[in-house]
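Descriptive analysis of the structure
These are the residues of each chain, in order.
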Amino acid sequence: MSKIEPAPAGKLQLIDRILGKKARDSGSAAAAPVRRASGARRIPDAWTRFDRHPAYESMLVSKAASQRLGLDNPFFRVHDGRAGAMTRIDGRDYLNFASYNYLGLAGHPQVDQAAKDAIDRYGTTVSASRLVAGERPVQRDLEQALAQVYGTEDCVVFVSGHATNVSAIGHLFGPKDLVVHDSLIHNSVLMGIQLSGAARRAFPHNDVDALDRLLGDLRGRFERVLIVVEGIYSMDGDMPDLPALIDLKRRHHAFLMVDEAHALGVLGEKGYGLHEHFGIEGRDVDIWMGTLSKTLSGCGGYIAGERALVEQLKYAAPGFVYSVGIAPPLAAASLAALALMRAEPERVARLKQRGQFFLRQARAAGLDTGLSQGYSVIPVILGSSLKAVRLSNQLFEHGVNVQPIIHPAVEEKAARLRFFLSSEHTEAQIVETIGLVQTMA
């Protein structure tokens, strides 16, 4: 893998920008060129060019800094083959901890065959919104199967997990409402709140008492109030206190939404998620959200809940109404994966065993695993983005693929390697990996 190198043009642009600023500051005629717009306003040239966008220039600076430090780019590596406990990159096999294939169902023969059969019957796409193009049986079969898992009246599937949160929250809530969320909530929830125009407040991670106080102060000022948490937090690998949240949302007359992206297939004896883990009826939560790209080996997202919720989203949520319906082979793959999850609970049990084993080994080696409870996600916190990238590259050289999570995705002091466990990982592979991390960290 070649080292990170900013484009030559990028370097020149940065130099031009600095020189242009100095010239403007001194009143020189060498100031950055401007374009004449209608009227008297002068439009800076930088406002009409993507290569002068501040975010792009910041990225170039970061790449140049990485190059000077001798760091290889750990991102966007090209994999040849399925995403499992092992992967193949540039002709070499790697032990893989950078995949959400929690139950090893991506690439399973039955899942692949279901997708192939769906292509033969329906083609690769339904070509339009389901409101326009109509339904395909496999789409509704998937939704009904998911509703059964959660014990809800219905379910609707979107074509993107991120867009599911954005569109659902953006549509259901508005400027007279309040959305309160865990401080570590996923970006898709934040984007949905922004789209909705609702007021937003964060509460400290998994602090139900703080949430109680916040709602006690604010609930009366708004019409609808939504509480949003994750079933398993994707950066830290811990979970919320669902029974306490249900009690709280009832006392404060609020809606409760749980993002199950990393919890389905992971929590509970059958992999049904957070409600099974706590022995709670699915209908006690107002909105269940999840994704199809992890345990369920497809692509997309879903909302499960009461029929009135689902009907409203199907007829009015822009991310559903104005987007193509889920592709038949993806729906069929997720439906087959869900059936395998339900038929083979030993996969869920094995994943839990591997996660707990990894957590024990890491802690015994003196590694900082943060808040992880040893299920599908286990971080190793290093406290420096530079350390995280270096260690990721060192492990890669020794045949282990694990991604660094660096600032601004997390605070600098929380920079880490993030390990995703699979039921396919073996104890020997885990011992080998922890030994390498302990030696190199």
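In the block above lies the structure referred to throughout.
Reference entry: report on the structure contained in this document. (Residues numbered from 1 in each chain as written. Predicted model: local features only at pLDDT ≥ 70, side-chain atom pairs only at ≥ 80, totals over all residues. Heavy atoms only, no water.)

So, on to the environment of Gln373. By the secondary structure assignment, Gln373 is in the loop between helix H14 (346-364) and strand E12 (377-381). Accessibility expressed as a relative area gives 34% for Gln373, which makes it partly exposed. For the pair formed by Gln373 and Leu359, sequence separation is 14 residues and the distance between their alpha carbons is 7.8 Å. Those residues in contact with Gln373, other than ones at most four positions away along the chain, are Gly237, Asp238, Met239, Gln356 and Leu359. (Helix = DSSP H or I, 4+ residues; strand = E, 2+ residues; numbered from the N terminus. Buried < 20%, exposed > 50% of the residue type's maximum accessible area, 1.4 Å probe, protein only. Contact = heavy atoms within 4.5 Å.)

Below, the discussion takes up the sheet that holds strand E4 (residues 92-96). With respect to topology, three strands assemble into an open sheet ordered E3-E4-E13, the strand pairing being mixed. Only two strands of the sheet have a single neighbouring strand rather than two, namely strand E3 (86-89) and strand E13 (400-401). By the bridge criterion, two bridges tie E4 to E13 in an arrangement that is parallel. The residue bridging Leu95 from the neighbouring strand is Val400, located in E13. (Pairing = 2+ DSSP bridges.)

This next bit is on the sheet that holds strand E10 (residues 287-291). Strand pairing in a sheet relies on backbone hydrogen bonds, with the paired strands running either antiparallel or parallel. Taken in spatial order, the seven strands line up as E5-E11-E10-E9-E8-E6-E7 in an open sheet, and their pairing is mixed. For this open sheet the edge positions go to strand E5 (154-158) and strand E7 (199-203), each flanked by a neighbour on one side alone. Recorded for the sheet is a direction-independent mean angle of 20° between the axes of neighbouring strands. The pairing of strand E6 (residues 178-182) with strand E8 (residues 225-230) spans four bridges and is classified as parallel. Bridge assignment links Val180 to a residue of E8, and that residue is Ile227. Here helix H9 (residues 242-251) sits on the sheet and contacts E8, strand E9 (255-259) and E10; the angle it forms with E9, its principal contact strand, is near 155°. (Axes fitted to C-alpha atoms, helices over the stretch in contact; angles between N-to-C directions.)

Counting 90 residues, the largest nonpolar core has Leu146, Leu242, Leu256, Phe358 and Phe419 as the members making the most contacts within it. A per-element tally of this core places helix H13 (residues 328-343) first, with eight residues. What Leu256 contacts, discounting residues up to four positions off in sequence, is Leu226, Ile227, Val229, Leu242, Leu245, Ile246, Lys249, Val285, Asp286 and Ile287. Membership of the second largest hydrophobic core comes to 22 residues, among which are Phe158, Leu172, Val189 and Phe320. (Core = buried A, V, L, I, M, F, W, Y, C linked by side-chain atoms within 4.5 Å.)

The subject of this paragraph is the pairing of E4. For E3 and E4, the ladder comprises four bridges, and the chain directions are antiparallel. Note on E4: the bridge partner recorded for Thr87 is Tyr94. Linking E3 to E4, which pair antiparallel, is a turn of two residues; within it Asp90 sits at a positive phi near 50°.

Quick look at helix H8 (residues 208-218) now. Among all positions of H8, only Val208, Ala210, Leu211, Leu214, Leu215 and Leu218 are buried. Along the long axis of H8, the arc covered by the buried residues comes to 155°, so they all point the same way. Opposite the buried face of H8, by more than 90 degrees, sit the exposed residues Asp209, Arg213, Gly216 and Asp217. In this structure Asp207 caps H8, since a side-chain oxygen of it lies 3.3 Å from the backbone nitrogen of Asp209. (Arc of directions from axis to C-beta. Polar contact = N/O pair within 3.5 Å; in protein donor to acceptor, adjacent residues only side chain to side chain.)

What follows is about the packing of helix H6 (residues 161-172) against helix H11 (residues 307-316). How two helices sit against one another is set out by the angle between their axes and by the gap between those axes. Packing of H6 against H11 leaves a shortest axis separation of 11 Å and a crossing angle of 100°. What the angle tells us is that H6 and H11 run roughly perpendicular. Listed contacts from H11 to Ala168, His171 and Leu172 of H6 are Leu309, Gln312, Leu313 and Ala316. Residues belonging to the contact of H6 with H11 are distributed by class as follows: five nonpolar, two polar and no charged. (Parallel < 35°, antiparallel > 145°, perpendicular 65-115°, else oblique. Nonpolar A, V, L, I, M, F, W, Y, C, P; charged D, E, K, R; others polar.)

Another aspect to go through is H6. Taking 1.5 Å of rise per residue, the 12 residues of H6 would be expected to cover 16 Å, and the 17 Å separating its terminal C-alpha atoms lies within 8% of that figure. All buried positions along H6 are accounted for by Gly161, Thr164, Asn165, Val166, Ser167, Ala168, Ile169, Gly170 and Leu172. (Expected span 1.5 Å × (residues − 1).)

Let us now look at the side chain of Asn393. Summarising the element assignment, Asn393 is placed in helix H15 (residues 385-397). For Asn393, a relative accessible area of 8% translates into the label buried. For Asn393, the side chain forms a polar contact with the side chain of Arg77, separated by 3.3 Å.

Further remarks concern the pattern of salt bridges. According to the stated counting rule, one finds 19 salt bridges in the structure shown. We note a salt bridge from Glu424 to Arg82, for which the minimum N-O separation is 3.4 Å. A residue pair is termed long-range when its members are at least 10 positions apart, and Glu424 in the loop between strand E15 (416-420) and helix H16 (427-440) and Arg82 in the loop between helix H2 (54-68) and E3 qualify at 342 residues. Among the residues examined, Glu424 registers a relative accessible area of 31% and is labelled partly exposed. (Salt bridge = Lys/Arg side-chain N within 4 Å of Asp/Glu carboxyl O.)

With that settled, consider unusual backbone geometry. A cis amide bond, omega 10°, links His407 with the succeeding residue Pro408. Among the structural elements, Pro408 can be located in the loop between strand E14 (403-405) and E15. Unusually for a residue other than glycine, Asp90 sits at a positive phi of about 50°. By the secondary structure assignment, Asp90 is in the loop between E3 and E4. A positive phi angle, near 60°, is found at Ser297, a position not held by glycine. The topology assignment puts Ser297 in the loop between E10 and strand E11 (301-305).

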